[in-house]
Amino acid sequence: MMKTKLSEILQNFQKQDTLFKTPEQLLLCKGSCKRFRIEYNDPSKFKDEMIKLQQQYKTQIMIAAIPFDGRTKATIIVPEKLERYDKCRLIMDLQVTTHPLMIEQSQTIPDKEQFSEMVRKAINFINDQHFNKVVLARTLNFHLKDNPPISSWLTNLLYKNNQGYIFSMGTDDCQTLIGASPELLVKKDGAMVTINPLAGSRKQTFNKIKDAYLEKELLNSDKDLYEHKIVVDYMCEKLHPYLSDIEFNQRPEILYTDTMIHLSTVIKGKLTNNTMDALDLAQLLHPTPAICGEPQKQSLHFIQEIEPFNRGFYTGLVGYMDSNGDGEWVITIRCAAIEDKKVTLFAGAGIVNNSVPNSEYNEISAKLTTMLDAMELKE
Ligand SMILES: C=C(O[C@@H]1C=C(C(=O)O)C=C[C@H]1O)C(=O)O
């Protein structure tokens, strides 16, 4: 079997190219592709557009980035030439690359005080029974002196996140979306459907004894188990009409990322309705309470009102679908949006009635480290 070095694949990777790596395979589109920006006000219209493009260009695989909400257009990539590598064909020969950055300006939006105020407001709304959970986010903004070294950052993300879903995609002529998400929203492979919600988090300490303690603490924390259960219950309720033989453990498991420890539940089932494709399933679930809230409508409205920025692609979806309707969609977290020399990092945390503003702020700082580490920066 011919093997390929990952370092060779990444050579000359440009900000407009597309890479999507799952734990099993890597999709790559270097050079020419067709890129479409499509309104996302109405998910079913977006779906129609995607199918139309698939038929028009007779393409095997389409890659797309779907925004958090209708304020941002989605991006569909129709590759002219797509390379697909199975994991077993890849030689993981990457090394951390160092690329010192000159930062002209940096800013946290919202700042600590504003964020704490947002959390307190959310808790008031929860106590007044407007919703049970809401996910609030913050951003870290950098203005660089030079063009961002995207291929170095991508190399570092790939090096450090062996288990995750790594992506870099030109979402517009001058925009790039890059990140390493640990969260699979949905995978469809024939009739088999897998979803893997995460919710409930601790910052990894990299000390075995302390991390083992944190694992235990997470697995026994009523607050985190409740946050997690809200997501699992929502997923099961949404999928129930379309899946049979739904299987999952009643108690969540532990999942490690490069920086975090999460509660995780793998849910598997068999599609009973063979007209549903991977995008239908993703749109059925998005936005989940792992990144929005519960109930969806009220928490979404709260987020749109209170967060002092537009999430754009953050907490949206990135993934692919093939001409059989199979594909994988992951939640766009642990990511950055790059526009020329401006880089915006995003992260969020689930708020429930007994959340503590300072802990949520720190949890977000920990989540931001995935991108900061790749950029060799500190908050
Ligand atoms: C919202 C984010 O992460 C989500 C929120 C989590 C939580 O609140 O515990 C855990 C994983 C993700 O579902 C993020 O990383 O930005």
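Residues numbered from 1 in each chain as written. Predicted model: local features only at pLDDT ≥ 70, side-chain atom pairs only at ≥ 80, totals over all residues. Heavy atoms only, no water.

## A closer look at the UniProt feature "domain: Chorismate-utilising enzyme C-terminal" (unreviewed entry) in the protein
Here the UniProt feature "domain: Chorismate-utilising enzyme C-terminal" (unreviewed entry) sits at residues 111-367. In this annotation, residues 111-367 is assigned 34% helix and 34% strand; the end-to-end C-alpha distance for the span is 16 Å. (UniProt positions renumbered as here; feature names shortened; annotations may be inferred. Helix = DSSP H or I, 4+ residues; strand = E, 2+ residues; numbered from the N terminus.)

## Description of the nonpolar core
Leu136, Trp329 and Leu345 are the most contacted members of the largest nonpolar core, which totals 112 residues. It is helix H9 (residues 357-375) that contributes the most residues to this core, 7 residues altogether. (Core = buried A, V, L, I, M, F, W, Y, C linked by side-chain atoms within 4.5 Å. Buried < 20%, exposed > 50% of the residue type's maximum accessible area, 1.4 Å probe, protein only.)

## Some remarks on the pattern of salt bridges
On inspection of all chains with the given rule, the structure shows 20 salt bridges. When the shortest N-O distance is used, the salt bridge between lysine 81 and glutamate 83 registers 3.5 Å. We classify lysine 81 as exposed; its relative accessible area is 53%. Put simply, arginine 138 and glutamate 379 hold a salt bridge, and the shortest N to O gap is 3.1 Å. One end of the pair, arginine 138, is in strand E10 (residues 133-144); the other, glutamate 379, is in the segment after H9, and 241 residues separate them in sequence. (Salt bridge = Lys/Arg side-chain N within 4 Å of Asp/Glu carboxyl O.)

## Thoughts on the packing of helix H3 (residues 112-127) against H9
Between two packed helices, what matters for the description is the angle formed by their axes and the separation of those axes. Orientation of H3 relative to H9, taken along the N-to-C sense of each, is 120°, at an axis distance of 9 Å. Considered as vectors, H3 and H9 are oriented oblique to each other. Crossing of H3 over H9 shows right-handed handedness. Residue-level inspection shows Lys112, Phe115, Ser116, Val119 and Arg120 of H3 in contact with H9, the latter providing Pro357, Asn358, Glu360, Tyr361, Asn362 and Ile364. (Axes fitted to C-alpha atoms, helices over the stretch in contact; angles between N-to-C directions. Parallel < 35°, antiparallel > 145°, perpendicular 65-115°, else oblique. Left-handed = near helix turned anticlockwise from the far one by under 90°. Contact = heavy atoms within 4.5 Å.)

## Let's talk about helix H8 (residues 296-306)
Among the residues of H8, those classed as buried are Ser299, Leu300, Phe302, Ile303 and Ile306. Buried residues along H8 cover an arc of 160° about the axis, so they all sit on one side. Away from its buried face by more than 90 degrees, H8 exposes Lys297 and Glu305. Among the structural elements, H3, E10 and strand E20 (293-294) are those in contact with the buried residues of H8. (Arc of directions from axis to C-beta.)

## Considering the environment of glutamine 107
Along the chain, the position of glutamine 107 falls in strand E9 (residues 103-109). Considered as a pair, glutamine 107 and asparagine 141 are 34 residues apart in the sequence and their alpha carbons are 5.1 Å apart.

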